[in-house]
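Okay, here's what each chain looks like letter by letter:
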Amino acid sequence: MTAAPEPATELDTQFSSPGAVATPWAAARQVLQDAEIFWLSTVRPDGRPHVTSLIAVWVDDAPWFTTGPTERKARNLAANPVCVLTTGTNALSEGLDVVVEGVALRVTDHGTLQRVADAYAAKYPEPFHFTVEDGGFVGGAMAFRIRATKAFGFGRGAAYSQTRWRFEGA
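Treat the numbers as computed from the prediction; the structure is a model and nothing was measured.

How each quantity is defined
Residues numbered from 1 in each chain as written. Predicted model: local features only at pLDDT ≥ 70, side-chain atom pairs only at ≥ 80, totals over all residues. Heavy atoms only, no water. Helix = DSSP H or I, 4+ residues; strand = E, 2+ residues; numbered from the N terminus. Rg over C-alpha atoms; globule rule 2.2 N^0.38 Å. Buried < 20%, exposed > 50% of the residue type's maximum accessible area, 1.4 Å probe, protein only. Contact = heavy atoms within 4.5 Å. Areas by Shrake-Rupley, 256 points an atom, 1.4 Å probe, with all protein chains shown as cover. Lys, Arg positive; Asp, Glu negative; His and termini not counted. Charge placed at Lys NZ, Arg CZ, Asp CG, Glu CD. Patch = residues over 30% accessible without salt bridge, like charges linked within 9 Å, V, L, I, M, F, W, Y side chains within 5 Å. Salt bridge = Lys/Arg side-chain N within 4 Å of Asp/Glu carboxyl O. Pairing = 2+ DSSP bridges. Core = buried A, V, L, I, M, F, W, Y, C linked by side-chain atoms within 4.5 Å. Phe/Tyr/Trp six-rings, centres within 6.5 Å; stacked < 30°, edge-to-face > 60°. Arc of directions from axis to C-beta. Expected span 1.5 Å × (residues − 1).

### Some remarks on the overall build of the chain
And step 1. The secondary structure content of the chain amounts to three helices and eleven strands.
And step 2. When the helices and strands of the chain are listed from N to C terminus, the series reads β-α-β-β-β-β-α-β-β-α-β-β-β-β.
And step 3. Computed over C-alpha atoms, the radius of gyration of the chain comes to 16 Å, within 12% of the 15 Å expected from 2.2 N^0.38 for 170 residues, which places it in the range of a compact globule.
And step 4. Its C-alpha atoms put the chain at 55 × 35 × 30 Å along the principal axes.
And step 5. In the chain, which comprises 170 residues, the proportion classed as buried is 42%.
And step 6. Contacts in the chain between residues at least 24 apart in sequence constitute 63% of all its contacts with a sequence separation of at least 6.
And step 7. Here the chain displays about 9000 Å² of accessible surface, and carbon together with sulfur accounts for 54% of that area.
And step 8. Charged side chains in the chain number 15 positive and 18 negative. The centres of these two groups are separated by 8 Å.

Below, the structure is given as C-alpha cells:
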C-alpha cells in the first residue's frame with residue numbers, strides 16, 4: 001500500500017509560545033504508533049458524549065481500534081461514525097498530545113484484518129491478540145480504521161505549540 005499524502009501543517013500562533021514552530025506530522029505519527037493507551041470519544045444517539053480508554057495500533061497510515069458489537073462505542077458509531085482519538089502525556093513540562101478527528105470505518109477484509117491482528121500481537125501482550133474470523137475477530141470483536149479529517153498536536157517543553165494538520169479530502 002502506498003503511503004498517504006502528508007497533511008497540510010499549520011502552527012496556531014494564538015495558542016503557541018513566541019518562537020514556537022509547527023510540529024512535523026512525522027512526530028505526531030510516531031506518538032500515535034508508540035502510544036499504548038488512547039481515549040476514544042464518540043457521540044451517543046441522544047447527542048451526549050461518550051469517552052472511553054482503549055488500545056490502538058497504526059496500520060496502513062491510520063489508527064485502528066477494536067470493539068465488541070454491543071459495547072457503547074460500537075452502538076454510538078453505528079448511529080454516527082464521527083469520532084475523536086486522543087493520546088499523549090499527563091506531564092505539563094514535556095511531551096506531545098495528539099488529537100485525531102475523523103470517521104470510524106468498520107473493516108471486514110480478511111487480509112487487512114490479519115495485518116491489524118499482527119500489529120496488535122507485535123505491540124501488546126496477551127490477552128490483546130486477535131484471530132481473524134468471518135469479517136472480524138474470534139469472539140465477535142470488530143475492527144475500525146479512523147479516516148482522519150484533521151488532527152491537532154499540543155507540544156510542551158521549551159515552548160508550547162499548537163499544530164493543526166488537515167488531511168486531503170477533508
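### Observations regarding a nonpolar patch on the surface
And step 1. Taken together, the side chains of Ile37, Trp39 and Val51 make up a nonpolar region of the molecular surface, amounting to roughly 280 Å² of accessible area.
And step 2. Looking at the secondary structure, you find Trp39 in strand E2 (residues 38–43).

### Things to note about the pattern of salt bridges
And step 1. Following the criterion strictly, the structure yields six salt bridges and no others.
And step 2. With a closest N to O distance of 2.8 Å, Asp46 and Arg48 form a salt bridge.
And step 3. Residue class for Asp46 comes out exposed when judged on its relative accessible area of 52%.
And step 4. Residue classification places Arg48 among the partly exposed residues on the basis of a relative accessible area of 46%.
And step 5. Linking Asp60 and Arg115 is a salt bridge whose minimum nitrogen-to-oxygen distance equals 2.5 Å. With Asp60 in the loop between strand E4 (57–59) and strand E5 (62–67) and Arg115 in helix H3 (residues 110–123), the pair connects residues that are 55 residues apart, well separated along the chain.

### Focus on the pairing of strand E3 (residues 49–54)
And step 1. Only one face of E3 is covered, namely the face carrying His50, Thr52 and Leu54; the face carrying Pro49, Val51 and Ser53 is uncovered.
And step 2. Sheet topology note: the E2/E3 ladder contains six bridges and is antiparallel. Note that in E3 the partner of Ser41 across the bridge is Val51.
And step 3. Between E2 and E3, which pair antiparallel and follow one another directly, the connecting turn spans five residues, one of which, Gly47, has a positive phi of 95 degrees.

### A word on the nonpolar core
And step 1. Residues Trp25, Phe38, Val57, Trp64, Phe65, Tyr120 and Phe137 are the most contacted members of the largest nonpolar core, which totals 42 residues.
And step 2. If one sorts the elements of this core by residue count, strand E10 (residues 142–156) sits on top with six residues.
And step 3. Apart from the residues lying within four places of it in its own chain, the contact partners of Phe65 are Leu40, Leu54, Ile55, Leu77, Ala104, Tyr120, Met142, Ala143, Phe144 and Ile146.

### Here we look at the packing of aromatic side chains
Given two aromatic rings, one states the distance between the centres and the angle between the planes to describe the pair.
And step 1. Tallied over the full model, the rule gives eight aromatic pairs.
And step 2. Residues Phe65 and Phe144 carry aromatic rings whose centres are separated by 5.4 Å and whose planes lie at 10 degrees to one another, so their mutual orientation is stacked. Here the residue Phe65 occupies a position in strand E5, and Phe144 occupies one in strand E10, the gap between them amounting to 79 residues. For the pair formed by Phe65 and Phe144, the shared burial category is buried.
And step 3. Each residue in the set Tyr120, Tyr124, Phe128, Phe130 and Phe137 is aromatic and connected to the rest through ring pairs, giving one cluster.

### Overview of helix H1 (residues 25–34)
And step 1. If you check which residues of H1 are buried, you get Trp25, Ala28 and Leu32. Down the axis of H1, the buried side of the element spans an arc of 65 degrees, and every buried residue falls inside it.

### Notes on H3
And step 1. End to end, H3 covers 20 Å across 14 residues, agreeing with the expected 20 Å (1.5 Å per residue, within 8%).
And step 2. Taken residue by residue, H3 has Thr112, Leu113, Val116, Ala117, Ala119 and Tyr120 as its buried positions. End-on, the buried residues of H3 take up no more than an arc of 160 degrees, which puts them together on one face.
And step 3. Contact partners of the buried residues in H3: E4, E5, strand E7 (95–107), strand E8 (132–133), strand E9 (136–137) and E10.

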